[in-house]
Structure formats: structure tokens, C-alpha cells
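Coordinates in review
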Amino acid sequence: MHLLKSNLLAVALLCLVITSCSKEDSAEVEAAKYDIDLALAQKNDSQISSEILSLVNDHRASLGLSKLIMDNQYASAFAVDHTEYMINKEQINHDNFGYRSEGIKYHDNAQVVGENVAYGYDTAEAVVNAWLNSPGHRAIIEGNYTHTGFGVMKCPKGRSYFTELFYRK
């Protein structure tokens with residue numbers, strides 16, 4: 001009987017050792033869940049994005065708000081990824097925003113994330129004016145954010161699609 005108890009205890013301990021996981025394992029799983037190719041950010045139209053950022057920052061400054069800092073890494077990669085998604089669907093949307101938000105929170109230690117999207121505008125001025133004339137979009141632009149990333153691209157038909165992600169560290 002004593003030998004049986006010892007064998008059962010050994011099997012139980014072996015199972016415990018085999019099925020345990022470490023904090024590092026769960027961190028690797030978490031990182032893989034929000035993995036994104038940073039090279040995507042290079043597909044962004046940086047000229048129009050810079051113009052949008054300048055206009056948004058001018059508006060924020062007129063209200064006494066801090067300027068947003070451009071993030072050309074994770075936020076822009078997630079923004080470009082979403083812009084490509086919208087182009088493929090041929091419609092603007094906020095599909096999978098939770099994924100982008102959690103990814104930026106994970107990679108950039110963001111506390112809060114917001115997003116504006118648009119399509120069909122030909123200039124930075126036109127898209128920013130449209131956002132400022134929409135209460136929901138304006139609230140995001142005027143929100144308590146510190147950083148921004150862009151996904152500005154043209155579809156094969158020549159129409160521009162825009163994703164701007166905002167976040168606060």
C-alpha cells in the first residue's frame with residue numbers, strides 16, 4: 001500500500017511538472033497574440049499623414065491641448081493593417097478595433113486608445129475638416145491622448161482611405 005501511494009504521488013508530481021507553465025511562456029503567447037509586422041508602417045503615405053498631424057496639432061494647440069507625438073512603429077503598423085482591411089472590404093469601419101487597441105496597449109504601454117477613419121477625401125485639410133465637423137471624431141481629436149499613428153493609403157481605384165489611431169501612455 002505504501003508503494004502504491006508513493007507511485008501515485010510520483011505520477012501526480014510528474015503531471016504537475018509537465019503541465020506547469022512559466023510567466024515567460026505566457027508573455028510569449030501574449031506577444032504572439034498582438035504580433036504585427038512593423039514594416040507595414042512604411043506603406044503609410046507619410047506626406048499626407050504629416051499634414052494631418054500638423055492640422056490636428058494646430059487645432060489641439062488652439063484649445064490649449066498638448067501636441068500629439070507621431071508613432072511610426074506599432075500604432076502606424078496597426079493603422080496601415082486596418083486601412084488595408086478597409087480597402088479590401090471597400091468600406092470604412094471600425095472592425096477589430098479591440099484587437100488594435102489591445103495591441104497598442106501591449107506594445108506601447110498605452111492606457112487608452114481611440115480611432116478615426118475616413119475615405120474619399122483628397123487632401124489632409126478635407127479629412128481633418130470632416131472629422132472636426134463630426135462630434136464623435138472631434139471628441140477623439142480633442143481627447144486626452146499623447147501619441148498618434150496613421151494608415152493613409154489609396155485603393156486601386158484611386159480613392160484614399162484613412163485610419164488615425166490615438167493613444168495615451
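Cut-offs and rules
- Residues numbered from 1 in each chain as written.
- Predicted model: local features only at pLDDT ≥ 70, side-chain atom pairs only at ≥ 80, totals over all residues.
- Heavy atoms only, no water.
- Phe/Tyr/Trp six-rings, centres within 6.5 Å; stacked < 30°, edge-to-face > 60°.
- Helix = DSSP H or I, 4+ residues; strand = E, 2+ residues; numbered from the N terminus.
- Buried < 20%, exposed > 50% of the residue type's maximum accessible area, 1.4 Å probe, protein only.
- pLDDT = per-residue confidence, 0-100.
- Contact = heavy atoms within 4.5 Å.

1. Points about the packing of aromatic side chains
Scanning the model with the defined rule gives three aromatic pairs in all. Taking the centre distance of 5.5 Å and the plane angle of 25 degrees together, the rings of Tyr119 and Tyr161 count as stacked. Residue Tyr119 is located in strand β2 (residues 112–119), and its partner Tyr161 is located in strand β4 (residues 160–168); the two are separated by 42 residues in the primary sequence. By relative accessible area, which is 36% here, Tyr119 ends up partly exposed. Relative to Phe166, the ring of Tyr145 has its centre 5.6 Å away and its plane inclined at 45 degrees; by these criteria the two rings are tilted.

2. A closer look at the confidence of the model for the protein chain
With 81% of its residues at a pLDDT of 70 or more, the protein chain shows a mean pLDDT of 85. Per-residue pLDDT stays below 50 along residues 2–26; that stretch engages in zero contacts with residues further than four places along the chain or on separate chains.

3. Thoughts on unusual backbone geometry
Phi angles above zero are rare outside glycine, and Asn96 is one such case at about 60 degrees. Looking at the element boundaries, Asn96 is found in the loop between α4 (74–89) and α5 (97–108). Classification of Asn96 by relative accessible area gives partly exposed; the value is 49%. Even without a glycine there, the phi angle at Asn109 is positive, about 55 degrees. Mapped onto the fold, Asn109 is located in the loop between α5 and β2.

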